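Coordinate analysis (summary)
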Amino acid sequence: MTTKILLINGPNLNMLGIRKPEIYGTATLAEIEAELISYGDKKGCLVSCFQSNHEGAIIDAIHSAYGKIDGIIINPGAYTHYSYAISDAIESVMIPVVEVHLSDIHNREDFRSKSVIEPVSLCQISGHGKEGYFMALDCLLEYLNRK
Ligand code: DQA
């Protein structure tokens, strides 16, 4: 069976390419998604992509993944720092999750260094720009292949 990975990007990540390129890079979300899909394809897995600016829609996407998706890569945007609802959703579905941030959240404003998603994630990848998404896929596949 083909491994299925869901990429979730949260609020404001639809603005990549326009939003603070000096922090988040110049690639658009569509470019990152296309690159991750083809990277996944080379590794024999199917990557589907979802972006929303709404907390409830992100929670619904996590719930919908239950029983259908083998691993989730999530950049929850600012929800990272306070959404216990997204953290609970991840815990509810028991799907392995890797948290990604384009910027180094530990070397910016104080409020960004705390993640409520980290305790429910396999690992957190932060500060590697768009490369972080590929690293997250590698990490998930390594974990899933070990199982
Ligand atoms: C971000 C970091 C968050 O603090 C911020 O709110 C984002 C993007 C990142 O990818 O670096 O929207 O998750």
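Residues numbered from 1 in each chain as written. Predicted model: local features only at pLDDT ≥ 70, side-chain atom pairs only at ≥ 80, totals over all residues. Heavy atoms only, no water.

**Quick notes on the overall build of the protein chain**
- Of regular secondary structure, the protein chain possesses five helices and five strands.
- Against the globule reference of 15 Å for 147 residues, the protein chain gives a C-alpha radius of gyration of 14 Å, in line with a compact fold.
- Over its C-alpha atoms, taken along the principal directions, the protein chain stretches across nearly 40 × 30 × 25 Å.
- Of the contacts made within the protein chain by residues no fewer than 6 positions apart, 76% connect residues no fewer than 24 positions apart.
- Looking at the protein chain as shown, the accessible area adds up to about 7300 Å², and 52% of this sits on carbon and sulfur atoms.
- Averaged over its 12 positive side-chain charges, the protein chain has a centre that lies 2 Å from the centre of its 18 negative ones. (Helix = DSSP H or I, 4+ residues; strand = E, 2+ residues; numbered from the N terminus. Rg over C-alpha atoms; globule rule 2.2 N^0.38 Å. Contact = heavy atoms within 4.5 Å. Areas by Shrake-Rupley, 256 points an atom, 1.4 Å probe, with all protein chains shown as cover. Lys, Arg positive; Asp, Glu negative; His and termini not counted. Charge placed at Lys NZ, Arg CZ, Asp CG, Glu CD.)

**Observations regarding the site of the ligand**
- Taken together, the neighbourhood of the ligand is formed by Arg19, Tyr24, Asn75, Gly77, Ala78, His81, His101, Leu102, Ser103, Ile105 and Arg112.
- Contact distances for the ligand include 2.8 Å between an oxygen atom and a backbone N or O atom of Leu102.
- For the ligand, an oxygen atom lies 2.8 Å from a polar atom in the side chain of Arg112.
- Surface burial for the ligand is 99%, taken as the share of its 320 Å² of free accessible area covered by protein chains.
- Tallied by class, residues from the shell around the ligand come to four nonpolar, five polar and two charged. (Near = heavy atom within 4 Å. Polar contact = N/O pair within 3.5 Å; in protein donor to acceptor, adjacent residues only side chain to side chain. Nonpolar A, V, L, I, M, F, W, Y, C, P; charged D, E, K, R; others polar.)

**Examining helix 4 (residues 84-93)**
- Of the positions making up helix 4, those classed as buried are Ile86, Ser87, Ala89, Ile90 and Val93. Seen along its axis, helix 4 keeps its buried residues to an arc of 160 degrees; they face one direction.
- Those residues of helix 4 hidden inside the fold are in contact with helix 3 (55-65), strand 3 (71-75) and strand 4 (97-101).
- Count one or two residues on from helix 4 and you reach Met94, which has phi positive near 55 degrees. (Buried < 20%, exposed > 50% of the residue type's maximum accessible area, 1.4 Å probe, protein only. Arc of directions from axis to C-beta.)

**Topic: the sheet that holds strand 2 (residues 45-51)**
- With respect to topology, five strands assemble into an open sheet ordered 2-1-3-4-5, the strand pairing being parallel. Sheet topology places strand 2 and strand 5 (123-126) at the edges, where each strand pairs with a single neighbour. The sheet shows a mean angle of 20 degrees between the axes of neighbouring strands, taken without regard to direction.
- Bridge count for strand 1 (residues 3-9) against strand 2 is seven bridges, and the pairing is parallel. By the bridge assignment, Asn9 is partnered in strand 2 with Gln51.
- Of the strands in this sheet, strand 1, strand 2 and strand 3 touch helix 2 (residues 29-42), which is tilted by about 160 degrees from strand 2.
- Relative to strand 1, helix 5 (residues 131-146) is tilted by about 145 degrees, and along the sheet it contacts strand 1, strand 2, strand 3, strand 4 and strand 5. (Pairing = 2+ DSSP bridges. Axes fitted to C-alpha atoms, helices over the stretch in contact; angles between N-to-C directions.)

**A short note on helix 5**
- Between its terminal C-alpha atoms helix 5 stretches 23 Å, which fits the 22 Å expected from 16 residues at 1.5 Å a residue.
- Turning to helix 5, its buried residues are Gly132, Tyr133, Phe134, Ala136, Leu137, Leu140, Leu141 and Leu144.
- Where helix 5 is buried, its residues meet strand 1, helix 2, strand 2, strand 3, strand 4 and strand 5. (Expected span 1.5 Å × (residues − 1).)

**Side note on the environment of Pro11**
- Relative to the helices and strands, Pro11 is located in the loop between strand 1 and helix 1 (21-24).
- Pro11 gets classed as buried once you look at its relative accessible area, which sits at 12%.
- For the pair Pro11 and Phe111, spaced 100 residues apart in sequence, the C-alpha to C-alpha distance is 16 Å.
- Discounting chain neighbours no more than four positions away, the residues touching Pro11 are Arg19, Gln51, Ser52, Asn53, Ile58, Pro76, Gly77, Ala78 and Tyr79.

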